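# A look at the structure
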Amino acid sequence: MSRRHALGVAGALSLTATFAKFSFAAETAKLKIGIIGAGRMGGAVGTALAKAGHPVMWSSRNPEELKDLVKAAGANAQAGTVEQAAAFGDVVLTVVPYSAMPAIAKQVGPVLARKPLLLDISNPIPQRDGDEATKAMEEGPAEYLARLMPGVKIVRGFNAIGFTRFPNPVLANGQKLGVAMVGEDKVAIDLATGLAREIGFEPVIIGPLKLGKYLYRPSTYFNGNQSADDIRAIAKSVGQ
Ligand SMILES: NC(=O)c1ccc[n+]([C@@H]2O[C@H](COP(=O)([O-])OP(=O)(O)OC[C@H]3O[C@@H](n4cnc5c(N)ncnc54)[C@H](OP(=O)(O)O)[C@@H]3O)[C@@H](O)[C@H]2O)c1
């Protein structure tokens, strides 16, 4: 067994052990990942997870347009509708403009609330996403999502990392790229940080969901080119 494969299996077993606390315990060694959004960022994250051995389903409002992405990601990847991706995932990622959140909440909010993790990689950017992003920034993105989708177990993460970093998340000095995350639910945090480690990042939980408003791109604090130690040092100033 190669070292990479052994690490992948170990990561999967540890995730499965966490997940097995649920009555809907995963039987397979690898969690299934539903990804709502298959653009530059959703495509990059999903490809990394598929290449790490996770069955991945991306959503699109036009899933037939994702053929090239699915083919490039290999046998673990497929495409579907928003409803299909939400139902498919043991855990679900949202990687969309914030203007899409009200529609997604209507379509699949109750489904997402039954999952142990909703990893929100999306950023509220008012210039791009209009009023919904302004509301989300004022309220806090995680609080905004939790209001739209009551009961979701949110972790925010990867929000400051550029999509081009996924194939090789290493700094020029050879250190792993750090990824700042916020969350409160322990199982959701364990799942999100476990997935991040599996695809080569070093996650740092910087605090509770209210600090999620500091995770976006571009951010004064997190520039997507920082080690875990850099993130820990900067996190001390967040929220002050
Ligand atoms: N690009 C980056 O490097 C980067 C880094 C960190 C975070 N982010 C954040 O990640 C999110 C996505 O960014 P991106 O660069 O990947 O954008 P993108 O390339 O424009 O892709 C946007 C995705 O959102 C989906 N979408 C849009 N409206 C939707 C709706 N109403 N319902 C369902 N899906 C919808 C689109 O799916 P359809 O096929 O249905 O159109 C598409 O897959 C943004 O919030 C961004 O700020 C991006």
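Residues numbered from 1 in each chain as written. Predicted model: local features only at pLDDT ≥ 70, side-chain atom pairs only at ≥ 80, totals over all residues.

### As for the overall build of the protein chain
Counting its regular elements, the protein chain contains 10 helices and eight strands. Counting across all 240 residues of the protein chain, residues that qualify as buried make up 48%. (Helix = DSSP H or I, 4+ residues; strand = E, 2+ residues; numbered from the N terminus. Buried ≥ 20, exposed ≤ 12 C-beta atoms within 10 Å, placed from the backbone.)

### Digging into the nonpolar core
Core analysis: the largest hydrophobic core is formed by 74 residues, its most contacted members being Ile35, Ile36, Val45 and Ala192. Excluding residues within four positions of it along the chain, valine 45 makes contact with Ile35, Leu93, Val95, Ile121, Phe158 and Phe166. (Core = buried A, V, L, I, M, F, W, Y, C linked by C-beta atoms within 7 Å. Contact = placed C-beta atoms within 7 Å.)

### As for the environment of glycine 34
Structurally, glycine 34 is set in strand E1 (residues 33-36). In this structure the C-alpha to C-alpha distance between glycine 34 and glutamine 78, which are 44 residues apart in sequence, comes to 9.8 Å. Residues contacting glycine 34, with those up to four places away along its chain left out, are Met57, Ala85, Ala86, Phe88, Gly89 and Val92.

### Quick notes on the site of the ligand
With respect to spatial proximity, 26 residues lie near the ligand, and among them Gly39, Ser60, Arg61, Ala100 and Asn123 are the closest. Only helix H2 (40-51) and helix H5 (101-113) provide two or more residues apiece to the shell around the ligand. The element that contributes the greatest number of residues to the shell around the ligand is H2, accounting for three residues. In terms of residue class, the shell around the ligand is made up of 14 nonpolar, nine polar and three charged. (Near = placed C-beta within 6 Å. Nonpolar A, V, L, I, M, F, W, Y, C, P; charged D, E, K, R; others polar.)

### Concerning the sheet that holds strand E2 (residues 56-59)
Backbone-to-backbone hydrogen bonds join strands into a sheet, with any given pair of strands oriented parallel or antiparallel. Strand order in the open sheet formed by eight strands is E3-E2-E1-E4-E5-E6-E7-E8, with mixed pairing between adjacent strands. Sheet topology places strand E3 (77-80) and strand E8 (202-207) at the edges, where each strand pairs with a single neighbour. Adjacent strand axes in the sheet meet at a mean angle of 25°, parallel and antiparallel pairs treated alike. With four bridges connecting them, E2 and E3 associate as parallel partners. Within the sheet, the bridge partner assigned to serine 59 lies in E3 and is glycine 80. Across the sheet, helix H10 (residues 228-235) lies against strand E7 (178-183) and E8, angled at about 5° from E8, the strand it touches most. (Pairing = 2+ DSSP bridges. Axes fitted to C-alpha atoms, helices over the stretch in contact; angles between N-to-C directions.)

### Considerations on the environment of leucine 211
Along the chain, the position of leucine 211 falls in the loop between E8 and H10. Judged by the 21 C-beta atoms lying within 10 Å of it, leucine 211 falls in the buried class. For the pair formed by leucine 211 and valine 238, sequence separation is 27 residues and the distance between their alpha carbons is 7.6 Å.

### A word on unusual backbone geometry
Phi at phenylalanine 158 is positive, roughly 65°, even though this residue is not glycine. Its location among the elements puts phenylalanine 158 in the loop between strand E6 (154-157) and E7. Residue classification places phenylalanine 158 among the buried positions, given that 31 C-beta atoms sit within 10 Å.

### Looking at the pairing of E8
Where E7 lies against E8, five bridges are found, and the strand directions are parallel. Within the sheet, the bridge partner assigned to glycine 178 lies in E8 and is glutamate 202.

### Concerning the confidence of the model for the protein chain
When pLDDT is averaged along the protein chain, the result is 89; 87% of the residues meet or exceed 70. Taken together, the stretch residues 1-18 has pLDDT below 50 and engages in 21 contacts with residues farther than four places along the chain or on a different chain. Across residues 20-28, where pLDDT falls below 50, the model places eight contacts with residues more than four positions away in sequence or in other chains. (pLDDT = per-residue confidence, 0-100.)

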